[in-house]
There are 2 protein chains.
Amino acid sequence: MTEKAARLPHVVIVGGGFGGLAAAKALAAAPVDVTLIDKRNHHLFQPLLYQVATAGLSPADIAGSIRAILARQVNVRVLLDRVYGVDQQSRRVILGDGEPLAYDWLILATGATHSYFGREDWAAFAPGVKTIDDATAIRRRILLALERAETETDEARRKALLTFVVIGGGPTGVEMAGAIAELARQSVSRDFRHITPHCSRIILLQRGDRLLPSFPHALSAKARKGIEELGVEVRLEADVTRIDNEGVVVGGERIAAQTTIWAAGVMASRVAEWLGCKGDRAGRVPVDADLHPDGDPNVFVIGDTAACTDARGRALPGVAPVAKQQGQHAARAIRAALQGHAVKPFRYRDWGNMATIGRSRAIADFGRLRVSGLPAWLLWCVAHIWFLTGHRNRVSVGLSWLWSYLTYQRGARLITGDIAPDLPATRELAPALGRKRAGAADFILMD
Amino acid sequence: MTEKAARLPHVVIVGGGFGGLAAAKALAAAPVDVTLIDKRNHHLFQPLLYQVATAGLSPADIAGSIRAILARQVNVRVLLDRVYGVDQQSRRVILGDGEPLAYDWLILATGATHSYFGREDWAAFAPGVKTIDDATAIRRRILLALERAETETDEARRKALLTFVVIGGGPTGVEMAGAIAELARQSVSRDFRHITPHCSRIILLQRGDRLLPSFPHALSAKARKGIEELGVEVRLEADVTRIDNEGVVVGGERIAAQTTIWAAGVMASRVAEWLGCKGDRAGRVPVDADLHPDGDPNVFVIGDTAACTDARGRALPGVAPVAKQQGQHAARAIRAALQGHAVKPFRYRDWGNMATIGRSRAIADFGRLRVSGLPAWLLWCVAHIWFLTGHRNRVSVGLSWLWSYLTYQRGARLITGDIAPDLPATRELAPALGRKRAGAADFILMD
């Protein structure tokens, strides 16, 4: 390996998401050495992350060790490290640890994170869902809100605890709102003594004039109907002007809510900075039809971090199939270059678009064929299990869904971390008992 | 429910572990209202926690929402709260939130945590495994050590990264050492390019003169042989005098190790403090044959937090069956008292004792019948799946084990939290490239 590494061209891939993994796999038989760098040790199946946030799945169900996924591919080396920059002149990647890494080709597939459009102060009150840690933190918030509501005696406070606001009416927002509605109104009502399905209020705020604007109007309308049937209040043209500890202000009205979730915007990773080029409004790097930024033939930018347009000039969406196809295209281009050929420009093959709303409710758009309701939901389930990485995860997710479908329960209702970080480990008992403290050293009080 | 609560006797149970849950369930048909308080929302099957720490199982596989477990039992109310003390005179429990809670009977089942025998400064370097957060933190340490070893070029540093020290030769320590050996020597070697099975060193330190002292000598010896075959170095009569950032000092010798795990001692929870009585050396509350502390007939102390002896005056071990039987006994005593009867003193029925060492290796002691090797391991697997709470967890753990058995892989190899907390989010590129910085505002450097 080390001897070969000196001779074979070196392809460096940054990011082990859909795009990076697809590129690495498509280079399996190529005469190159591949180094895949990620700052996390796992590939994450982001489309199901909202189910971790709503206690339906465990983190390990939708994530797999990148090393394990690529273990049998002998020309790949996996590196757990953080990338700080790229030096295109000397073709080197700057890492957190050790020496800069030289490349012959570089594939940048570092994805996107949520963006608060300049209101980064909102992040503390309205977390987004991009990583496993985000998802378990949101799960914690939702479950703790329900626990506190169970014992809260102040009516206004209780209402705020049982109000969940989701900001953003794209697929993530719709899926999240539907899942919270199912959790708070169906799954847990059996377990609590003082929370009935109608106690909880779930509000979905969308800035535009309809939900899921990337779908045809008819399916948008079906999604809205479906999610309203689950008990979600949908507010369109909603202008959020403030988010704080106590809720959100939308169109001048304050909504008191303990839990607010951000699903409204994404911002590409730092690749534009690394390449010293100007990103678009969402920070994405403009690429040409060969996925090169600024015409640098040794660098590819793919996936959520690339601003790529289709033949008709429309921007490609930030979805897994685009990233995968771009990863495969980059690999194909490298293989062709090694043989002295060129490849045709990248063209996205759109197989369709799906979004789920809740149990037995989904929409699917395959161009002329549009499906909704139970058939779309079954298609959605099958497709998501199919595209999951690893047989183990497929079996695990399939069984979790079957179990949830049959029992209406959620299997991962864990609150991790300290339950009551605001409470001290010990405290004086006298005030709690409404008495004067008797002895100084005694923890237990005598009358 | 609220009306009834005013009339029926009130049983308060603190702790949703094996003891507390058994007590609550055994009161299902009794004319009492039960309140179960826990500072976590989940019941944890602690005997399998080491498998979460070694990436074999997901947290949700071995934990279940206490509410969900008791959902169908209408006379139970579950409270997520922290208990600060007990006022035996006025029969009230002091909570973190809200008013003190009055009880007619109180069952204290708050368990134990790890103890460093007065060396609490060791906690930062040698974490113990008692909660899900402990387990995921240890998993993170082990997996990060392997990741860093893969790229470390300094030989001494690399050796330390691949050295894992487990302190304590009881069941937890033996199971943990065996599981780390399997993970570091078998499961992951396929995935790393520079770590072979023989690179890793796992050292099990036991203060006493044999492993698993609660088992007969012959089984202890078999366990030792089994764990040594897995590649674990066992050191008996090991006197640990120092634990720090760089490893441990044992018998004057320093062992450089990046990962040290504490499985050497437990300390009961604060119940002795709450009751104003003197705990034993491990902080446990001495109880009489009816499980009452200091003869208070309205309070029971059960499980790991009680110091209870059997008919021959031997201390009962801190294991799940003891806690469960004590919980059932307390419930039986309450039911009897309501009918004006008394119950016979508590007597522990010891069904046997098992410990697993690794794949196809375990020991089991059923008094006259002693089993080891594959039969004991199969028994261990069946018993642990049987005693898990919830069908879903049984199916999930069973399938995970089957999958691991067939593939030699671990299914939950997730590093969560920030991978490189010591690395900044951005840094200057010039020093990394070994050059002078060209422009002030430019992130990318020109030659």
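None of these values were measured; they are calculated from a predicted model.

## Side note on the overall build of chain A
In step 1: Across its full length, chain A carries 13 helices and 24 strands.
In step 2: In terms of overall dimensions, chain A is globule-like: its C-alpha atoms have a radius of gyration of 25 Å, near the 22 Å expected for 447 residues.
In step 3: Projected onto the principal axes, the alpha-carbon positions of chain A cover approximately 90 × 60 × 45 Å.
In step 4: Looking at chain A as a whole, 52% of its 447 residues are labelled buried.
In step 5: Put simply, 62% of the contacts in chain A that link residues at least 6 apart link residues at least 24 apart.

## Digging into the domain arrangement of chain A
Residue and element names in this part refer to chain A.
In step 1: When cut into domains, chain A gives domain 1 (2-39 + 81-114 + 266-338) and domain 2 (120-265).
In step 2: Computed over C-alpha atoms, the centres of domain 1 and domain 2 are 35 Å apart.
In step 3: Residue-level contacts link five residues of domain 1 with five residues of domain 2.
In step 4: For the side of domain 1 that touches domain 2, the secondary structure elements donating two or more residues are β10 (112-114) and β18 (266-268).
In step 5: Per-class residue counts for the side of domain 1 that touches domain 2 are three nonpolar, two polar and no charged.

## Observations concerning the sheet that holds strand β6 (residues 83-87) of chain A
All names here are of chain A.
In step 1: In space, the three strands of this open sheet follow the order β6-β7-β8, with antiparallel pairing throughout. Edge positions in the sheet fall to β6 and β8 (101-102), since each has one partner strand and no second.
In step 2: Two strands pair when backbone bridges link them, and β6 and strand β7 (residues 92-95) are joined in this way by four bridges, in the antiparallel orientation. Paired with G85 across the two strands is I94, which belongs to β7.

## Focus: the packing of helix α2 (residues 18-26) of chain B against helix α10 (residues 320-338) of chain B
Residues and elements named next belong to chain B.
In step 1: Direction vectors running N to C along α2 and α10 enclose 35°, while the axes themselves pass 7 Å from each other. Of the two possible hands of crossing, α2 and α10 adopt the one that is right-handed. Along its contact with α2, which presents F18, G19, G20, A22, A23 and A26, the element α10 presents A320, A323, K324, Q326, G327, Q328, A330, A331 and R332.
In step 2: Its residues assigned to classes, the contact of α2 with α10 comprises eight nonpolar, five polar and two charged.

## What about the pairing of strand β14 (residues 240-244) of chain B?
Consecutive side chains of a regular strand alternate in pointing toward one face of the sheet and then the other.
All names here are of chain B.
In step 1: Judged from the four bridges that link them, β14 and strand β15 (residues 247-250) form a sheet pairing that is antiparallel. The partner of V240 across the bridge, within β15, is V250.
In step 2: The hairpin turn running from β14 into β15, its antiparallel successor, is two residues long.

## Things to note about unusual backbone geometry
Residue and element names in this part refer to chain A.
In step 1: One non-glycine residue, L212, lies in positive phi territory at about 45°.
In step 2: Along the chain, L212 falls in the loop between β12 (201-205) and α8 (217-229).
In step 3: Positive phi is not limited to glycine here, since Y408 has a value of about 65°.
In step 4: One can find Y408 in the loop between α12 (391-407) and α13 (429-433).
In step 5: Here Y408 falls in the partly exposed class, since 14 other C-beta atoms lie within 10 Å of it.

## Some words on the environment of A:A53
Residue and element names in this part refer to chain A.
In step 1: The topology assignment puts A53 in helix α3 (residues 49-53).
In step 2: When the C-alpha atoms of A53 and L219 are compared, they prove to be 25 Å apart, with 166 residues separating the residues in sequence.
In step 3: In this structure A53 touches V129, A135, I138, R139 and M176, once residues within four positions along its chain are discounted.

Quick notes on the rules
- Residues numbered from 1 in each chain as written.
- Chains lettered and ligands numbered in written order.
- Predicted model: local features only at pLDDT ≥ 70, side-chain atom pairs only at ≥ 80, totals over all residues.
- Helix = DSSP H or I, 4+ residues; strand = E, 2+ residues; numbered from the N terminus.
- Rg over C-alpha atoms; globule rule 2.2 N^0.38 Å.
- Buried ≥ 20, exposed ≤ 12 C-beta atoms within 10 Å, placed from the backbone.
- Contact = placed C-beta atoms within 7 Å.
- Domains from an automatic or database assignment.
- Nonpolar A, V, L, I, M, F, W, Y, C, P; charged D, E, K, R; others polar.
- Pairing = 2+ DSSP bridges.
- Axes fitted to C-alpha atoms, helices over the stretch in contact; angles between N-to-C directions.
- Left-handed = near helix turned anticlockwise from the far one by under 90°.

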